[in-house]
Every structure is written in structure tokens, then in C-alpha cells.
Amino acid sequence: MAMPSNKIKNAKLVLLGDVGTGKSSLVLRFVKGQFIEFQESTIGAAFFSQTVSVNDESVKFEIWDTAGQERYHSLAPMYYRGAAAAIIVYDMTNPASFSRAKKWVQELQAQGNPNTIMALAGNKADMLEARKVTAEATKTYAQENGLFFMETSAKTALNVNDIFYEIAKRLLLQAQPAPNPSGMILMDRPADGTETRASSCCS
Amino acid sequence: MEASSRRSGDRTVLEPLMEINPAEIAGVSPATPLSVRSVALSSVSHPILVFIGTGGGKLLLLSLDPSSKSIELLRSVSVSNRPIDSIEILMEIDRILVLSDGFLFLIDRLLLQPVRKLGFIKDVTAATRRVGFGDSLNLDFSGDGLLKADVSSAGQRLLKKLGGGIRANGVKQPRVSESQRGKESNCLIAVAALKRLVLIELLVTASSDVDSDYGGVSVLLKEIQGVEGVKTMTWIGDSIIVGSLDGYILFSASTGKCTPIFSLPESSGPPKSRTLLKSKEVLLLVDNVGVVVNDVGQPVGGSLVFQYVPESIAEMSSYVIVARDGKMELYRRKTGTCIQSLNFAKSGSGPCVVANDEQQSGEVVLVATSHKVTFLCKVSAEEQIKGLLRKKNFKEAICLLEEMESEDEITEEMLSFIHAQLGFLLLFDLHFEDAVNHFLLSKSMQPSELFPFIMRDPNRWSHLVPRNRYWGLHPPPVPLEDVVDDGLIAIQRGMFLRKAGVDTSADEDFLSNLPSKAELLESGITNIIRYLHVSRNKDLSPPIREGVDTLLMFLYRALNHVDDMEQLASSENSCVVEELESLLGDSGHLRTLAFLYASKGMSSKALSIWHILARNYSTGLWKDNPISAERDLPDVSVDPITGQKAAAIEASKLLEESADQDLVLEHLGWIADIDQDLAVMILTSEKRVNQLPLEEVLNAIDPKKVEIQQRYLQWLIEDQDSDDIHFHTLYALSLAKSAIEAIESTSGSTNFKADNERNVSDVVSGSENSIREKLQVFLQASDLYDPEEVLDLIGRSELWLEKAILCKKMGQETLVLQILALKLEDCEAAEQYCAEIGRDDAYMQLLDMYLDPQNGKAPMLNAAVRLLHNHGESLDPLQVLEKLSPDMPLQLASNTILRMLRARVHHHHQGQIVHQISKAMSLDAQLARIEERSRYVQINDESICDSCHARLGTKLFAMYPDDSIVCYKCYRRLGESTSARGRNFKQDPVFKQGWLVTR
Ligand SMILES: Nc1nc2c(ncn2[C@@H]2O[C@H](COP(=O)(O)OP(=O)(O)OP(=O)(O)O)[C@@H](O)[C@H]2O)c(=O)[nH]1
Ligand SMILES: [Mg+2]
């Protein structure tokens, strides 16, 4: 049971990715714990909310599940504008969807908020025999672009809660105010990395 | 959101009211056709005003009375000779704004005055009025400076054109003075014309001349330039959202700053937007998708996906209505669910428009094609639900109810009403659990409404049952059993019909799995119990409370829930005893009945039952009690011992509180037979207000039950502090008697003691000891008994110590000493007694006894020596010498004398030692005092008096042992014994390490 949280942080989260990569399925799994084999393609965008507890804090996600259809691409900026986090989803059995994911990353980097936490989800990880996108390639790409990456499956629930949890954790970390001592300042620290020396007084 | 959930059962939210042919009503000949282009509705006044704009530039005003379904043409005016594109009702200034032929026209609401053209602005493509948040937006029309603002990336510029003066086309503006502004009403509109956006404030002042240019309306303007191709526009708060073929852009009315919301995909239809007044949001259309954004352009909630690209959109409470091509659909705004779709015209009958007065309740909706106008009316929430309930579509009804509740569309009162109605329907459909769940959700339902289901009418509560038949959708109440019977018959009929191929509304669950009557009854009773149980916590009138509790007991009994019955009967309850008495008695629920009597203060009846129960258990009568055996009642299935004891315990609980002497004494006997402790508890209870008469109680106690008597007396004496000599004597005698009996039985058993009985006798002597101890303690402690009487009793027994105590009480010193010294040979006690007497001659008398015990007993020389050793100083040596018998052996005599003399010397030395030790301590204390007084104290500039806080400076000061410092003045005031910190050394002395005398 979750402890009564003393802090609840609201966070706008957007899912982006090609048609049929499983954005709606991931959200459905995360919010309702369900999976539907014949999930209808999203039109416009759907909205959900779900709260995640991290220790004694909570993050209430306001989730925008966008449509992957190209026709609604122009709506996307409205949804990722001001988002605290974005999950870019590709289907690991479909290389084209991975290329599309990279385009989304680019677009976010160019248009979006620089503080947006970006996660890359390689979905349908249950279909290992049909894998077309290797984890290694993605990992390197993710590292280079400062994304965190997980292979997920909405079908088996693999890593679904984890990816949201990880985002929540990072959001809370981000939200932590920089340590700002209110007491007196004991010494002037040099700006560069000489702290180690300054901290020991006897040597 | 799954798309599947977007379809809901076909509901009837809107219901057709009437259809008209506007040409007919307008009385135009079929030769000059009249086509509807735009519509608006105003329901502020009654009847409703309907405005219809035609393709030929005419504005028709109709009045509609929805209740009588009558409609008539009030007026018709010609606005222009081009189609009327839009009609906007400006409520605030009571005018109608019409867009036609690229111009705006103003006209009064009843079309009585001439139409005024706002000639200063042409090529208008869209116009909208502002929807505020109850605030007033200050657009600062009056400033003089030409404010140029870069309007973001799009590069448009905000141009502040006019300070409320004259516009280029020469229209003269009556400049309104500030004093006049107070009485005005105003309205803001935004107009898109060619490449600019014009914000206009329309003012109507009380003083303005009706004949002025715009019919009493003054106009103030402000412009945002470079906005092109505007097709649709809405204005909420500070945000003007503009839709062009490229997409939607948000302008701030105050700063001119613009932000794109989203662009439209290629080859999508024209933009269309609609203000959602209820939530102060805007619906933006892209293809068949409605995206809702708030006043800052942020999306709100999931998209609404319509079945087609709507031609016209309207808002009605929490629904969005869309129309196209003779069809219209109703969507729930929050969930995106399509609630209702209906056709109002043939497909292919041309463009259509839908409108209602969304500023009011908007419950009359108008939808029109070119030649036909249809009015629809909102079916009230109640009617919608009633309709569903009539069709026994409970699921859908509940769903609708929940929706309405979450949208706040239903009053609390109605909600309660519907839950109750639903509950009754479900009850008659044998869904008892669901039924009660709904009953519980109804705040207005009375528990008495369920009474007729439990007890056949007429009964004690019949007149309390409200005659609330709700919507009359269910039969009148009948006892639950009848409900179940009728329900089962209905199900069977349904099965039969089903087999015959007839469609029935019978319950699927029941048809496939028919429950038994017993199961249904049990479920019904269990659930009604649940309801009554919850009702008990409500604020009920006393008669209803009685009904609830009594019927609850009824139902518990029906299920034979004995624990619940007893729990209810023994806790605070409002059961009506007369209703339950015979019922419980006949069914053998005697314990419950006894509890019930007790809780109603009918102790005597309760006690008789407990008595009967106890007797039944003990005689084994319970075994062949036919009723109980048959019904397998837990009452009697307990083992007889505990059952009997339980009865006694319950009875004693009652008696402990009862001050009814007769009742107590009547029942004391049988309870004592079962458990003496209980009897004692009853007698000695402090719970009763008035004490029982003591004498009667004592007389009533069975003389054979000595323990009860003794404990009662003990309680009287020890706890009640009784001073009655009689009781004290009685108690002493009783204890003495027990002690004697104990001794006799011990000595008796000692005689026959076999090895294997040793333990038993130990126990007995144990109880002998405790009783004797009790006796001795009492004899010592009490001065109120008659010692002679007691002495009489124990005279011949071996209770010597007791005798000594009694003699002591009677002041017979010699006798006491004789018993102690000679009989008991307890030197210590004897010496102690001498000390109590406190006279030296007592010691001498004792010595005498030791030396000459008489009765042929040998002198107790050792005791005598001991006495001299201990108390030699109190004895006169000469007298002692005289007492010594002449035939005493010299050795012993010298020993005796020596002891006595030594005792005297020893006594003297002891005194000297004490004296010296005291002296040493005194010296120590003096030393400590000197040390304490010679302490150094450092005083500086900051030192202040602890009492008056004045600086000490060079003043005289004093220090207390607790280190507080005061100036001399304060010292005089406070005195020596109380320090400035308030410590009083007399009451609370100071001890410091080193002062304590350790030697
Ligand atoms: N095997 C497998 N199938 C999945 C998984 N996730 C989604 N699917 C299937 O993939 C199809 C598309 O899933 P959606 O969730 O609709 O994809 P989407 O990204 O929301 O698609 P759009 O809304 O059109 O952008 C559905 O048939 C899902 O059942 C997964 O983890 N494993
Ligand atoms: Mg989707």
C-alpha cells in the first residue's frame, strides 16, 4: 500500500511514435493493467492520468497518447509543448518505426523543451523471434542522445511500469531544489574541483 | 480510451418537438424560395425568440412556445441582399449582430428599430463575441501612444489605432465621459476582415441617443494587423483563437502576442471552432476530430471523434451536438461517448445548421436544413432514466445516473429518489444485494419503507410507512416471501416464453441458473438486515427506530443468527418487547429474551429466565427439551456447567445494579449455589444507588454459606467503614468460628493422616493459617467488637494469640503477659507488649513470671536473662535482686546480674557515641557553611541583579546558595531564605557535593 504522500507533483507526459507501435497499448497496460489484441488506432489524442509513488513522494502523470498516423502529426506539438516527459515508442519488429522514432527525437530536441525527460521504448519485446532492431544499436543511439532506453511489452507488461517509474524518479530528482544552505557560509570554495583538498583541514 | 467505449446505448436525450417550413410561416410564396442559412435562439424571455437568417438577406424573428408547441412569425426585416452568414445574440447590450455580405449589422433584439450597418469595417469573414471569466478585460482603448508590438514569429504587428475617437470612414463617435461609463453596458466582439483583426467594444449608455449612428451604441476599436484568411474565430478571456486554412492561432487581446496552436493537415476541411461556454474552452475541428483547448491553448481531455466532419456544432450542458446532412449526433464532452444519433431530414437536403441558446440552459435545440427547421427538446434527466427503468434497462440507467452525477446534472434529492426507485425495482427482480446497495445510496429513503417487506400489514408500524410510490414502476410492497414467490413465477414464465421463442425481458442470469426459493429468501433477508443495520446509525424518529430494531431482531431470528440476536438484545436497542416476547419465547431464544428484558429494565423477568435456564442446565432438562432439540438452538448446545455459570453471571450482572431488595434476595440463593463469588459480588456491588438493607441481607444469607456472610461483613466493615458494633462482633465471631473449625479439622485429619493425604492436610492448614491471620488482624485492628463475647467463644480453643489480643483489648495485662510469656513462650511478643504498656513495672512483672511461672512449670531462666539483656536499664537492680529466687544457682544468678549491669553500662556508652557522632556532623556542617560563604564571585560591567535586573556596578550585592546574585536592596526585600530565582531554601534545601557528611 502506498504511504500517504506528502508531495504530489503533476507532470505532463506525451507518447510519440509511429502508427501501431503500441503507444495506446502501453498506456492501457500502465493505467488499467489491460491489453487488447485489437487496439484501435488512435485518432487525435487520448488523455489519461495515473499516479506513481516514489518513496514518500508521488507523481501524477497527465498522459497524452497521441496518434501515430501521419495525418495528425501537426497536432503533436500541441501535446508535447510544455511536457515534462516524453516516451518515444518504436516497434522492435519494425525498423521503419525505429527511424520514425529517431525523427521524433530530433523534432523534440529542436522544438521541445530542453528539460523534457525523454525515454525511448522498444515495444513488443515479447516477439523476440521477429526482432528487427537490436538492443545494442538502440542503446548506443540512446546514449548519444541522452535518452534512457527500455525494451517493453504492453502484452506481457514487461518494463511498462518500470519505464513510468523511472521517469517519475527522474522528475522528482529534477524537481529537487539545488542545495542552498541558508546558514552562514564557512569558506569560499574555489570554483574548480579543489574541494577535496579544501575539505580536509589537517593534511 | 478504447474506441469501443465511445458508443453507448441509444439514449433519448433530445426528443423532437416540432417541425416547420419557414417559408410557410413567413408567408412567402413557393415561387420565391426561402433558404435557411443561419439561426440563433434566445430563451432569456418567454416565449423563445428564434432568429433565422436567409439566403436572400432576410432576418426572420419567430416566437416559439415549446409547451404549447406553437410558433409564429413576429417580424421579418431585410438586412442585405446577400445571404446572412451568421447571427450572434449580444445579450449584454440586447442587440443582434448579423454578418452578411462582408458587413456587420446591429439591430435590437425584437427587430423593432432600423438595422444599423457598421459601415467602417468591410470584408468581414468572421465575428465573435467575447466570453469572459466574470472579469472585465481592459483593452485600453483610450491610450494615445501608438503601440507597436512585434507579434512573435508570424511577424504580425499589433496596431493600436484609435483612442475611442473617429474612424476613417467618418463615423462620429460620441466620446463617453467617465461619469457616464458607470451606467453603460458593453460587449466586446472580435471581427476578422481581410488582413486584420479588429477588436470592438460596443457600449450602450443610458443617456445615449437612440437616433445616433448605431442605434444608441458607441463603438471603440483596436486592431491587430496581418491576420489573414480567417474562417472561424472564438474569444475567451484574453485569448482570441483564430482558424484559417493553415490552422489555429491564439492571439492575446491585450498584448497582441500570437502563439500557434496547431496547423491543419493538407486537404483537410475548413477550420471550424466553437466556444464551449460551460467549461470556458474551445473546440477546434480537424477533419472529424474535435480537439478541445483551454483559454491558453493547452489541450484538455481526449479528442472527440465524430462519425463525420460536422457542418455545424452546438453545445448543450455537458454534451456537444454536431450536425451534417440531415443527421445529428450528441456526444458527451468528458468521455467522448456518442449518446444519441438521430436523423432530422433526408440525406442530401443541403447544408444544415444547429443552434440553441447555450447562454441559458439551451434545452431547446434548433436544427435546420435549407427548407426545414426542426425543434428538439431535451428530455429531463429524470425522464431519461424513467424511460430506461421502464424498459428494465437497469445497467444503462445506472450508467446514466453515474454520468449525471459526475457532471453535476442532477440534484441530490433526485439522485436519492432514483436510487430508491432503482432499489425497489431490483428488489422485485430479486436482485437483493444490488437493491440494498441502491437503497443505501438514497439519502431520502426511510427505513420504514422496507417494513412492509418484513412484517405483514397491518402492524404496529403500518401507519409510519410513507406512501411514496416513486414513479410507480414497481408493485406495492408485500412480504419478502411473496416477493420471492412472485419473482420465481415470473422467471418461470420467462423461461417458458423463451422456449416458445418469445423474447422476454426476463433476467438472463436467473434464466440460466435458477436459484432456489430458500437461497433467494436468505439473500433477501441478509441484505435487508444489512440495510437496517446501517439505518440504525441514522437519525431516526423513536417509533421508526423501534421498528428498525424490532424487525432487525425478527430477521436475525429468521436466519437463526443467535449471536447477532444476543448482541442486539444486550446492547442499547429500541426493540419493542411486546412484539418479540412470545416469538422469542416460543422459538426457545430464551437468552436473547432475557437480554432483551434486561436492556429494557425488566430485570425481574430477565432474572426469572436466567433462573429457569440455570435450572434447566443443572437438571439436564435441556437435553430433552423438544423445541430446542428440534431447532438445534445454540442456547442449549453449550455444556451445562458453563451454561449454568453463564446464566448466573448474567443474573448477577443484573442484581449488582438492582436495589430491589426482594429481587436480590429472591435470586441470591440459586446464584450462590452455582457460584459463591457471584453472590458476594452481588451483595457487595457498588453499582446500585441505594444500599440494600443490611440486616435483611444478613438474615437472608444461608447460614451454611459462611464464606458469603463473612465476605459480606468484611466488605461492610472494610469497604463501607461500618461502625456498627453488632457487625464487628458478628464478623469476629464468624471468623473465630471458622478458625476453630479449621483447627479442629486439621487436628482431626492429623490424627488419621496417612502419607498420601499429607498434601490435603497441608492445604487445610494453609487455609487455617489464612483464616487465623485474618482473625488476628481483625481482632487487632478493630476496636468495635465485643471482646468478651469473642473470648467466650474461643475460651476453650487453642487460639492463644487471639486470646492474648482479646485480653489486651480488655486491658488484662497480666493475662496477656501470661499467655504470651508462658503459654506461647513468645518472649519477643511479651517484651513488645511491655513496651506497649510503657511502664517499668511491666518488665518487672514479666521477669517475675519468667522466674516463677507457677503451675509446676520450671523457671524460664533463659528468657529472663534475655529480658535483662534487652531491657536491663529499665529494671531497678535492687528489685531484680530481690526477685531472684534464693535457690537460684549462683552461676545463673551472677550471669543475670552481670547482664543487667552490663546492659546499663552499654546503654550509657551507646549514648556517648551518639553524642560524639552528632558533634562531628555539626563540625562538618559548619565547615561546609564557611566554605560556601567564602566563595569568590566575579562581577563585571554586565553583571546584573537577578531580581531587578539593574546593573550591579559597584553596588553591594548578595549571593544565594543557588548562585543567584541580587543587589543589596533586593536582598533586603527577598530575605535570606528565598533566592532571586524563587527558590525557598527552607522548603527546598540546597545540597552540594562535599557538604554531605560521609563518615
Ligand atoms: N505482441 C505485441 N503486440 C502489441 C504490443 N503492443 C501493442 N501491440 C499490438 O499492436 C497493435 C497496435 O497497438 P496500438 O497500441 O494501437 O498502437 P499505437 O501506437 O497506439 O497506434 P496508433 O494509435 O495508431 O498510433 C495492436 O494490435 C496491439 O495489440 C506488444 O507489446 N506486443
Ligand atoms: Mg494509439
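Counting starts from 1 at the beginning of each chain's written sequence and moves along it residue by residue. Working convention: letters from A go to chains and numbers from 1 go to ligands, in the order in which they are written. Thresholds applied to this predicted model are a pLDDT of at least 70 for local features of residues and 80 or more for the giving and counting of side-chain atom pairs; totals over whole chains, interfaces and linings are not thresholded and use all residues. Side-chain descriptors were evaluated using all non-hydrogen atoms of the structure, hydrogens and water having been removed beforehand.

A.B. asks: Account for the overall build of chain A, with residues named and values stated.
C.D. replies: A count of helical and extended segments in chain A gives 6 helices and 6 strands. Every helix listed is a DSSP run of H or I at least four residues long, and every strand listed is a run of E at least two residues long, numbered separately from the N terminus. For chain A, the succession of helices and strands along the chain, N to C, is β-α-β-β-α-β-α-β-α-β-α-α. Note on exposure labels: buried denotes an accessible area under 20% of the residue type's maximum, exposed denotes more than 50%, and partly exposed covers the range between, all computed with a 1.4 Å probe on protein chains only. Expressed as a percentage of the 203 residues in chain A, the buried residues total 44%. We call two residues in contact whenever any of their non-hydrogen atoms come within 4.5 Å of each other. Summarising the internal contacts of chain A: among those between residues at least 6 apart in sequence, 73% fall at separations of at least 24. Surface exposure here means Shrake-Rupley accessible area, sampled with a 1.4 Å probe, where a residue is shielded only by the protein chains that are shown. Total accessible area on chain A is roughly 10900 Å²; 53% of this is exposed by carbon and sulfur atoms.

A.B. asks: Go over the interface of chain A and chain B with me, naming the residues and quoting the values.
C.D. replies: The partner chain B presents 27 residues to the 19 residues of chain A that form the contact. Interface area, chain A with chain B, both sides summed: about 1700 Å², of which 53% is carbon and sulfur. Taken as a group, Arg71(A), Met78(A) and Arg81(A) account for 32% of the area that chain A buries against chain B, more than any other trio of residues on that side. Salt bridge, as used here: a side-chain nitrogen of Lys or Arg that lies within 4 Å of a carboxyl oxygen of Asp or Glu. In this assembly, chain A and chain B are joined by 1 salt bridge. Close ionic contact of Asp287(B) with Arg71(A) constitutes a salt bridge, the shortest N to O distance being 2.5 Å. Polar contact criterion, stated in full: a pair of N or O atoms within 3.5 Å, where within protein one must be able to donate a hydrogen and the other to accept it, and residues adjacent in sequence count only if both atoms are side-chain atoms. Our count for the chain A to chain B interface comes out at 7 residue pairs in polar contact (both at pLDDT 80 or more). Listing elements by their share of the side of chain A that touches chain B, those giving two or more residues are α1 (23-32), β2 (45-54) and α2 (76-80) of chain A. A total of 4 residues in the side of chain A that touches chain B trace back to one element, the largest contributor, which is β2(A). Simply put, the buried area is the total loss of 1.4 Å probe accessible area from both parts when two parts are fitted together.

A.B. asks: Provide a residue-level description of the sheet that holds strand β3 (residues 48-54) of chain B, including the pertinent values.
C.D. replies: Residue and element names in this part refer to chain B. At least two bridges found by DSSP between two strands are what make those strands a pair. Pairing within the open sheet is antiparallel, and its 4 strands lie in the order β2-β3-β4-β5. Pairing within the sheet leaves two strands with one partner each, and these edge strands are β2 (36-42) and β5 (70-78). Recorded for the sheet is a direction-independent mean angle of 20° between the axes of neighbouring strands. Orientation is described by lines fitted to C-alpha atoms, with helices fitted over the stretch in contact, and by angles between N-to-C directions that extend from 0 to 180 degrees.

A.B. asks: Please provide a residue-by-residue account of the nonpolar core, values included.
C.D. replies: By convention a nonpolar core is built from buried Ala, Val, Leu, Ile, Met, Phe, Trp, Tyr and Cys residues, the set being connected through side-chain atoms within 4.5 Å. Grouped together as the largest cluster of nonpolar side chains are 157 residues, with contacts concentrated most on Ile385(B), Ile418(B), Phe439(B), Leu532(B), Trp610(B) and Tyr850(B). No other element matches helix α5 (residues 412-428) of chain B, which puts 11 residues into this core. Excluding residues that lie within four positions of it along the chain, Ile418(B) makes contacts with Ile385(B), Leu401(B), Ile410(B) and Trp471(B). One finds Leu16(A), Ile88(A), Phe98(A) and Phe262(B) within the second-largest nonpolar core, a separate group that totals 56 residues.

A.B. asks: Residue-level account of the sheet that holds strand β1 (residues 7-17) of chain A, with values.
C.D. replies: All names here are of chain A. Taken in spatial order, the 6 strands make up an open sheet running β2-β3-β1-β4-β5-β6, and their pairing is mixed. Strand pairing shows two members of the sheet lacking a second neighbour, β2 and β6 (148-151), which therefore form its edges. Across the sheet, the mean angle separating the axes of adjacent strands is 25° when strand polarity is ignored. Across 4 bridges, strand β5 (residues 117-123) lies against β6 in parallel orientation. Looking across to β6, one finds that Ala121 is bridged to Met150. The strands touched by helix α4 (residues 135-144) are β4 (85-91), β5 and β6; relative to β6, the strand with the most contacts, the crossing angle is about 160°. Where helix α5 (residues 160-175) meets the sheet, it contacts β1, β2, β3 (57-66), β4, β5 and β6, and its direction lies at approximately 120° from that of β3.

A.B. asks: Go over the coordination of the magnesium ion (ligand 2), please, and point to the residues and values.
C.D. replies: Around a metal, the idealised angle for a tetrahedral arrangement of four donor atoms is 109.5 degrees; for an octahedral arrangement of six donor atoms it is 90 or 180 degrees. Metal donors were taken as nitrogen, oxygen and sulfur atoms no farther than 2.8 Å from the ion, or 3.2 Å where the ion is Na, K or Ca. Water is excluded, so coordination may look unfinished. Protein-derived coordination of the magnesium ion (ligand 2) comes from Ser24(A) (OG) and Thr42(A) (OG1), at a distance range of 2.0 Å. Of this pair, Ser24(A) sits in helix α1 while Thr42(A) is found in the loop between α1 and β2, placing the two residues 18 residues apart along the sequence.

A.B. asks: So what's going on with the packing of aromatic side chains? Residues and values would help.
C.D. replies: The description of an aromatic ring pair rests on the distance of the ring centres and on the angle between the ring planes. Residues and elements named next belong to chain B. A pair of Phe, Tyr and Trp rings is counted when the ring centres sit within 6.5 Å of each other, with Trp represented by its six-membered ring. The angle between the planes then sorts it: under 30 degrees is stacked, over 60 is edge-to-face, the rest tilted. The full count for this structure, using the stated rule, is 24 aromatic pairs over all chains. Ring geometry for Phe424 against Tyr470: centres 5.6 Å apart, planes inclined by 40°, an arrangement best described as tilted. Of this pair, Phe424 sits in helix α5 while Tyr470 sits in the loop between α7 (451-454) and α8 (480-499), and the two are 46 residues apart along the sequence. Per residue, the accessibility class of Phe424 equals that of Tyr470, and both read buried. Between Tyr968 and Tyr971 the ring centres are 6.0 Å apart and the planes differ by 40°, which places this aromatic pair in the tilted class.

A.B. asks: Any details on the site of ligand 1? Residues and values, ideally.
C.D. replies: All names here are of chain A. A cutoff of 4 Å decides nearness: a residue is near a molecule or strand if any of its heavy atoms lies inside that distance of it. Surveying the vicinity of ligand 1 reveals 24 residues, the closest of which are Lys23, Ser25, Glu37, Ser41 and Asp126. Lys23 has a polar side-chain atom sitting 2.7 Å from an oxygen atom of ligand 1. Between ligand 1 and Lys124 there is a distance of 3.1 Å, counted from an oxygen atom to a side-chain nitrogen or oxygen. Within the shell around ligand 1, the residues separate by chemical class into 6 nonpolar, 11 polar and 7 charged. Residue classes follow a fixed rule: Ala, Val, Leu, Ile, Met, Phe, Trp, Tyr, Cys and Pro count as nonpolar, while Asp, Glu, Lys and Arg count as charged, and any other residue, Gly among them, counts as polar.

A.B. asks: A description of the packing of helix α3 (residues 381-390) of chain B against α5(B) should follow, citing residues and the corresponding values.
C.D. replies: Residues and elements named next belong to chain B. Close contact between α3 and α5 brings their axes to 12 Å; oriented N to C, the two are set at 5°. In terms of axis orientation, α3 runs roughly parallel to α5. In this structure, α3 contributes Glu382, Ile385 and Leu389 to the contact, and α5 contributes Met414, Ile418, Gln421, Leu422 and Leu425. The class makeup of the residues in the contact of α3 with α5 is 6 nonpolar, 1 polar and 1 charged. In these notes the angle categories are as follows: under 35 degrees is roughly parallel, over 145 is roughly antiparallel, 65 to 115 is roughly perpendicular, and the rest is oblique.

A.B. asks: Pulling in residues and values, what's your account of the packing of helix α28 (residues 827-837) of chain B against helix α29 (residues 840-851) of chain B?
C.D. replies: Residues and elements named next belong to chain B. In contact at an axis separation of 9 Å, α28 and α29 are set at 150° when each is read in the N-to-C sense. Considering the angle they form, α28 stands roughly antiparallel to α29. Contact residues: Cys827, Ala830, Glu831, Cys834, Ala835 and Ile837 in α28; Ala842, Tyr843, Leu846 and Tyr850 in α29. Looking at the contact of α28 with α29 residue by residue, the class counts come to 9 nonpolar, no polar and 1 charged.

A.B. asks: Please give an account of the confidence of the model for chain B that cites residues and values.
C.D. replies: All names here are of chain B. The score called pLDDT rates the predictor's confidence residue by residue, from a low of 0 to a high of 100. Of the residues in chain B, 87% reach a pLDDT of 70 or more, and the chain-wide mean stands at 81. Here residues 142-181 is modelled with pLDDT under 50, and outside its nearest four sequence neighbours on either side it reaches 81 contacts, counting other chains as well. Long-range and interchain partners of residues 621-637, a stretch whose pLDDT sits below 50, account for 27 contacts in this model, where long-range means more than four residues apart. The ipTM assigned to the predicted complex is 0.85, against a pTM of 0.64.

A.B. asks: Got a sec to walk through the pairing of strand β10 (residues 124-131) of chain B? Specific residues and values, please.
C.D. replies: Residues and elements named next belong to chain B. A large share of β10 lies buried, amounting to 7 of its 8 residues. Sheet topology places β10 next to strand β13 (residues 185-193); 5 bridges connect them, and they run antiparallel. Along β13, the bridge assignment pairs Ala126 with Ala192.

A.B. asks: Account for unusual backbone geometry, naming residues and giving values.
C.D. replies: Cis geometry marks the peptide bond from His46(B) to Pro47(B), where omega comes out at -5°. Within the secondary structure, Pro47(B) sits in the loop between β2 and β3. Each neighbour pair has its own omega, and for Asp457(B) with Pro458(B) the value is -10°, a cis peptide bond. As for its placement among the helices and strands, Pro458(B) is situated in the loop between α7 and α8. With a phi close to 65°, Lys124(A) is a non-glycine residue in the positive phi region. Relative to the helices and strands, Lys124(A) is located in the loop between β5 and α4. On the basis of relative accessibility, which here comes to 24%, the residue Lys124(A) falls in the partly exposed class. A positive phi is found at Lys280(B), a non-glycine position, where the angle reads about 55°. Mapping Lys280(B) onto the fold places it in the loop between β20 (272-276) and β21 (281-286). A relative accessible area of 24% means that Lys280(B) is categorised as partly exposed.

A.B. asks: Tell me about the confidence of the model for chain A, residues and numbers included.
C.D. replies: Residue and element names in this part refer to chain A. Per-residue confidence for chain A gives a mean pLDDT of 86, with 83% of residues at or over 70. When pLDDT is averaged over each helix and strand of chain A, the minimum, 37, is found for helix α6 (residues 195-199) and the maximum, 97, for β4. This stretch, residues 1-5, has a pLDDT under 50; its non-local contacts, to residues over four places away or in other chains, come to 6 contacts. Scored below 50 in pLDDT, residues 180-203 makes 2 contacts in the model with residues more than four places away or belonging to other chains.

A.B. asks: Explain the pairing of strand β8 (residues 103-108) of chain B to me, using residue names and the numbers behind them.
C.D. replies: Residues and elements named next belong to chain B. Along β8, 6 of the 6 residues are buried, which leaves the element largely enclosed by surrounding structure. Going residue by residue along β8, you find Phe103, Phe105 and Ile107 tucked away on one face and Leu104, Leu106 and Asp108 tucked away on the opposite face as well. Relative to β8, strand β7 (residues 95-100) runs antiparallel, the two sharing 6 bridges. Along β8, the bridge assignment pairs Ile96 with Ile107. Connecting β7 to the antiparallel partner β8 that follows it, the hairpin turn spans 2 residues, and Asp101 within it adopts a positive phi of roughly 55°. In this structure, β8 lies alongside strand β9 (residues 116-117), joined through 2 bridges in antiparallel fashion. By the bridge assignment for β9, Phe105 is matched with Lys117.

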